[in-house]
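# Commentary on secondary and tertiary structure
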Amino acid sequence: MRAANQWKDYELLDTSRGERLERWGDIYLIRPDPQILWDTPRRHPAWKQAHARYHRSNTGGGQWERLRSLPDSWQIRYGDLHFALKPMGFKHTGLFPEQAVNWDAMAGFIRQANRPIRVLNLFGYTGAATLACVAAGAHVTHVDASKGMVAWGKENAVLSGLADKPMRWLVDDCGKFVQRELRRGNTYDGILMDPPSYGRGPGGEVWKLEEQIYPLVAECVKLLSDNPLFFLINSYTTGLSPSVMQYVLGSLLPAGIDGTLEADEIGLPVTDSGLVLPCGATAMWHR
Ligand SMILES: C[S@@+](CC[C@H](N)C(=O)[O-])C[C@H]1O[C@@H](n2cnc3c(N)ncnc32)[C@H](O)[C@@H]1O
């Protein structure tokens, strides 16, 4: 498993009985995680001092219970990247810390390439991967269905001192955007996507990962430039193994393309147990 072990401001302190205890800067949160099947003793003192706990409801969704004074928004950083965090629906905070391994990998490819690189980030959320690629020197096109997420991404760009760098922030349906880019003849050296299991485009377009990932990747490979650098697909859909993501990507990449195709789980180290909690599957091709 590839572990996101370079964090200073984020820490997964403990996992027990269906919940994670996490430190986000100075803020401690308890969030549900259905994978945590073990009922290990909760020794860490922060279990009793958390600022908030997210309760999942039986009818879907859920809500935050504020246990201590919790700011509406606060910031953490990863290297030079700064992110605003907010307690949101669906237990979200605006950041998926395990993705740091992918941010570092892509930033490394871009720096090593040492040439102008154009990147497309689909389902870009609050822009962490976009900013990691921009900071490494790429021009990035960021696409997400949600106006609020795109606004949040731009806020993170300002906080990170990257607002004047070359990037495009677009509120659009990923499938429709890719079709338009194909018609326009635009190409990209790097493509990444971290789609949800289920989602909706801005016009209500339904996204179901199992049904749509293959046709979407099939269209995306046509957007690769003559000298592509990477293609990364992440999924945190329970039950989709890294190998499945690798077969999707591998079966669609242009025949004879040079480079390395690999796939692995990504995860977060757990301070109290020394385990690494699996958080998703990433397949990636790179030069
Ligand atoms: C939960 S996030 C994915 C995880 C995120 N990329 C990360 O940081 O790990 C899913 C994002 O996909 C977006 N989304 C869902 N369906 C979409 C669609 N059809 N087109 C574009 N974006 C979509 C949502 O607005 C959301 O921001």
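Residues numbered from 1 in each chain as written. Predicted model: local features only at pLDDT ≥ 70, side-chain atom pairs only at ≥ 80, totals over all residues.

### With respect to the pairing of strand 16 (residues 260–269)
Two strands pair when backbone bridges link them, and strand 1 (residues 2–3) and strand 16 are joined in this way by 2 bridges, in the parallel orientation. Considered in strand 16, the bridge of A3 is made with G267. In terms of strand pairing, strand 16 meets strand 17 (residues 276–286) through 10 bridges, oriented antiparallel. Opposite T260, over in strand 17, you have H286 as the bridge partner. Hairpin remark: strand 16 followed by strand 17, antiparallel, with 6 residues in the connecting loop; positive phi at G274, about 75 degrees. (Pairing = 2+ DSSP bridges. Helix = DSSP H or I, 4+ residues; strand = E, 2+ residues; numbered from the N terminus.)

### Concerning the packing of helix 4 (residues 174–184) against helix 5 (residues 209–220)
Axis separation between helix 4 and helix 5 bottoms out at 10 Å; the angle between their running directions is 25 degrees. On the basis of their axis angle, the class for helix 4 and helix 5 is roughly parallel. Crossing of helix 4 over helix 5 shows left-handed handedness. Mapping the contact onto sequence places C174, G175, V178, Q179 and L182 in helix 4 and L216, E219 and C220 in helix 5. When grouped by side-chain class, the residues that make up the contact of helix 4 with helix 5 number 5 nonpolar, 2 polar and 1 charged. (Axes fitted to C-alpha atoms, helices over the stretch in contact; angles between N-to-C directions. Parallel < 35°, antiparallel > 145°, perpendicular 65-115°, else oblique. Left-handed = near helix turned anticlockwise from the far one by under 90°. Contact = placed C-beta atoms within 7 Å. Nonpolar A, V, L, I, M, F, W, Y, C, P; charged D, E, K, R; others polar.)

### Description of the pairing of strand 2 (residues 10–16)
Across a regular strand the side chains alternate sides, sitting on one face of the sheet and then on the other. Relative to strand 3 (residues 19–24), strand 2 is paired through 6 bridges, and the arrangement is antiparallel. Counterpart to L12 in the pairing with strand 3 is E22. Between strand 2 and strand 3, which follow one another and run antiparallel, lie 2 residues, and R17 among them has a positive phi close to 45 degrees.

### Remarks on the domain arrangement of the protein
Under the domain assignment used here, the protein contains domain 1 (2–91) and domain 2 (97–286). Between the C-alpha centres of domain 1 and domain 2 there is a distance of 24 Å. Taken residue by residue, the interface counts 23 residues in domain 1 and 26 residues in domain 2. Mapped onto the side of domain 1 that touches domain 2, the elements with two or more residues apiece are strand 1, strand 2, strand 7 (74–78) and strand 8 (81–85). With 6 residues, strand 2 is the single largest residue contributor to the side of domain 1 that touches domain 2. (Domains from an automatic or database assignment.)

### Here's the deal with the sheet that holds strand 11 (residues 167–171)
Taken together, the 8 strands give an open sheet; going across it, the order is 1-16-17-15-12-9-10-11, and neighbouring strands pair in mixed fashion. Where the open sheet ends on each side, the last strands, each with one partner, are strand 1 and strand 11. As paired strands, strand 15 (residues 230–235) and strand 17 are joined by 6 bridges and run antiparallel to one another. Note that in strand 17 the partner of N234 across the bridge is T282. With respect to the sheet, helix 1 (residues 100–113) is in contact with strand 1, strand 12 (190–193), strand 15, strand 16 and strand 17, its orientation differing from that of strand 15 by roughly 175 degrees. Contacts from helix 3 (residues 147–159) reach strand 10 (139–144) and strand 11, with the element oriented near 160 degrees to strand 11.

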